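Read off the chains here:
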Amino acid sequence: MDLVKVQLTNSEFLSTGIEKLDNLLEGGILKGFTTLILGSPGSSIEILSKQLAVKGKVLYVTTDETEQEVMDAITRFGWKPEHIEFTDIATKYSKSVLSREKKRVSIYEQRSKLKLKELIEIGSSGVMPAVKAQEDFLAIFSNSAKTTSPEKIILNSLDFFLSMYSQEEVLRTLHAAKVANIERAGVLFIIMTKGIHGEVFERKMEGMADCVLELNVIQKGSTFERFLAVKKMRNYAKKIGIARYAIDSDGFVLEMIERIM
Amino acid sequence: MSNTLIDGLKERVSQAITINTSVGVILPSSNYSDMMQALFEYMSSRNDHFWVYLAISKPYENIVKQFEYASQMTNIRFIDCVSRAAGITNKDPNCIYIESPSYLEKIIIEIMNIFKEVGDQLQKTLIIDSLTSLSIYNDNALVTEFFTHLINRTRLKDIHTFSLAIEEEMDDYINKIMYLRSNKIIKLRESFI
Amino acid sequence: MTNSESYVYNQNRIGLNENENAKSSCPCITGIDELDQKLGGGLPSGNTVLLVGSSGSGKTTLSMQFLTNGAKIGERGVFFTITEPLFKLTKNLEKFDFYDKKMIESGMVNLIDLRIISERLGLDAEKYTVEDASALLEILKDIADELDVKRLIIDSITALCYRLQTKEMIRDFIFKLGSSLASMNCTTILTSEVPPNEVKYSQYGIEEFIADGIIFLGDVDRKGDLIRTLQVIKMRGTNHSRTKSAMSISSKNGIELTPLLKSRV
Ligand SMILES: Nc1ncnc2c1ncn2[C@@H]1O[C@H](COP(=O)(O)OP(=O)(O)O)[C@@H](O)[C@H]1O
Ligand SMILES: [Mg+2]
């Protein structure tokens, strides 16, 4: 909390990389802030997450797409990131799944290593063998910022962790990441799909974040309208606003900006 | 009190039980407690018998409250069919509790299991208290089948039966099976007193 | 596809019949008197019997009683559990008088947790591949041979099949299991869990094809009270009774049967 105040007096902002979004936010994201970006399905939130990575010294933590896939998408839009590093959890994850698959194929081999008597003994003991330690992806995420010191961390997305860990575990890790971000005076973006993790958890996340952006898709007749809303901005009530957006070959285009005061 | 009445009843019970393999007793409800007293006094006096008392009219607890000496007897076991259904959860090593009076097959199993462990030097006798109570919980046809089945199985193992029926609760059905399946019918009348 | 399937199917049937003739005619007594009477002495030795019932109908209890009664007359047995962990199984067992810890200690009754074995072999606890299933089958057979058992239980076949992903895999597995069991020198009970109040003998509709016999545990409603029932639906090689029996479960005597009173049920 105190650290945030220190940053406030410096009143330094970091650009999101999208000019109109910076305008909507009246200068960008305040350093030390943790921003939650909620997106409903179809909101193209994954494009926004990449566009945010163009400006500044960025650490991009990717869980679903590999580093290569992210870079390919960035290149397709013609963006040239100033400085980007990756923590590629997607690749780590698929490797670990693959190696487990390999282990499974060798069941006959496993079998031949064990004497039948031994096996009978194990089966009669009633004691489950300890579950083999899997890579701890949460730990990989929380350690990733320590080696490099990025200005911006983009976590895309929290959904992956929530599918593997309890909500409590995830929240604990995020709190630690938030504190580290304050100390670093960086900005942390956490991307999460809206409406699939339960309302209570969403409230908790919104409570924890300093800034909450929400992407919504609304069907109007036969067309879809997309809105980006600034749902929360700690200490800056006047920044609460909403903008219509579209996606074109340059990425996110914010159209009509409206302030809710 | 009416000791002569009880003694008279005891005498009739004694005669009927010793001679006949299956005895049916039809009595008015006003004579029920006298009959109970006579029966329990008789049972406690006979060490050469082993008794199984099938309690359907009232819970085991009530019976031993009335005849405390019954819980001290070593040659009697109770099967209580009404306590569990009434929500009474007492336990007693001298009594087997059955969840519902409609578990007729379970009743047969428990009766036969108890007698299975009794030596042949004792006369095995089953008291059913009462057939008319059983018919409150079960269709008449089912009670008939139960009684027929039970009599067949007990006869095979030389087990005597002594079945009570309350006159006011009786219908033609119960009346018919009592007469068909019993060697001897004792009919008590108020005039008897 | 259809051709090869029917081929497997026929082979199994022929295999079972041949073995039936080769095996001794002395029945495998269950030790539940009324059931043995119904079966004309006991389960035909070497048979595979599907014991069907909903959850709580008494499948595990009956299987255990079959196993312990076998141990009492010197027939070794093995119980493979899939759903219930061993501690839970033994905790329930201890309530019954027919169970004696010494039978476990002496190795006459063997309780084996298949989940632990498959875990030890690095199998996914929830999903088996075709290879996993075959390997597990072989292990089952090897364990039974090693222990030289006369009685074998798998509790339940439903839980085992649940871990297979497709109907084809299940079918394949069941038929492999059938020929495996037919080649073994023991009498087998496979328990089969079905939803309550449904007259079907297996979850996947094919388990009964490898069974020489089917015993169904159900219940009848009598004025709102449920009465447990047991019925021998089929039993190859015996002239069994098909009447429904009422079934009782008690600590003292385990499972007991008596004819079901039928009037206007
Ligand atoms: N000691 C006992 N006395 C009477 N009934 C029991 C006792 N132990 C278990 N039961 C009954 O037996 C049933 C459990 O049978 P079980 O063999 O585990 O069924 P299943 O394997 O078919 O699910 C339960 O319904 C329970 O009420
Ligand atoms: Mg079970």
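On a predicted model such as this, the values are computed, not experimentally measured, just so you know.

**Side note on the site of ligand 1**
Residues and elements named next belong to chain C.
Next, step 1: Surveying the vicinity of ligand 1 reveals 13 residues, the closest of which are Gly56, Lys59, Thr60, Thr61 and Ser251.
Next, step 2: Contact distances for ligand 1 include 3.3 Å between an oxygen atom and a backbone N or O atom of serine 57.
Next, step 3: Arginine 228 is positioned such that a nitrogen or oxygen atom in its side chain is 3.1 Å from an oxygen atom of ligand 1.
Next, step 4: Burial of ligand 1 by the protein amounts to 70% of the accessible area it has alone, namely 570 Å².
Next, step 5: Among the secondary structure elements, those contributing two or more residues to the shell around ligand 1 are helix H3 (59-72) and strand E8 (245-250).
Next, step 6: When residues of the shell around ligand 1 are assigned to their parent elements, the largest contribution, 3 residues, is made by H3.

**Focus on the sheet that holds strand E9 (residues 223-233) of chain A**
By way of backbone hydrogen bonds, the strands of a sheet pair with one another, either parallel or antiparallel.
All names here are of chain A.
Next, step 1: Taken in spatial order, the 9 strands make up an open sheet running E5-E4-E6-E7-E3-E8-E9-E10-E11, and their pairing is mixed. This sheet does not close on itself; its edge strands, each paired only once, are strand E5 (83-88) and strand E11 (251-259). Adjacent strand axes in the sheet meet at a mean angle of 20 degrees, parallel and antiparallel pairs treated alike.
Next, step 2: Sheet topology note: the strand E3 (residues 34-39)/strand E8 (residues 211-220) ladder contains 5 bridges and is parallel. Residue pairing across strands places isoleucine 37 opposite leucine 213, the latter belonging to E8.
Next, step 3: Packing against the sheet, helix H8 (residues 137-147) makes contact with strand E4 (57-62), E5 and strand E6 (152-156), and its axis sits at approximately 170 degrees to E4.

**A closer look at the nonpolar core**
Next, step 1: Counting 51 residues, the largest nonpolar core has Phe80, Ile143, Leu152 and Ile154 of chain C as its most contacted members.
Next, step 2: Sort the elements by how many residues they give to this core and helix H7 (residues 130-147) of chain C lands first, with 8 residues.
Next, step 3: When near neighbours in sequence (up to four residues on either side) are disregarded, phenylalanine 80 of chain C contacts Ile112, Leu114, Leu140, Ile143, Leu152, Ile153, Ile154 and Asp155 of chain C.
Next, step 4: In terms of nonpolar packing, the next biggest core, distinct from the first, is built from 39 residues, Leu54, Ile108, Leu142 and Phe147 of chain B among them.

Reading guide: rules and limits
Residues numbered from 1 in each chain as written. Chains lettered and ligands numbered in written order. Predicted model: local features only at pLDDT ≥ 70, side-chain atom pairs only at ≥ 80, totals over all residues. Heavy atoms only, no water. Near = heavy atom within 4 Å. Polar contact = N/O pair within 3.5 Å; in protein donor to acceptor, adjacent residues only side chain to side chain. Areas by Shrake-Rupley, 256 points an atom, 1.4 Å probe, with all protein chains shown as cover. Helix = DSSP H or I, 4+ residues; strand = E, 2+ residues; numbered from the N terminus. Pairing = 2+ DSSP bridges. Axes fitted to C-alpha atoms, helices over the stretch in contact; angles between N-to-C directions. Contact = heavy atoms within 4.5 Å. Core = buried A, V, L, I, M, F, W, Y, C linked by side-chain atoms within 4.5 Å. Buried < 20%, exposed > 50% of the residue type's maximum accessible area, 1.4 Å probe, protein only.

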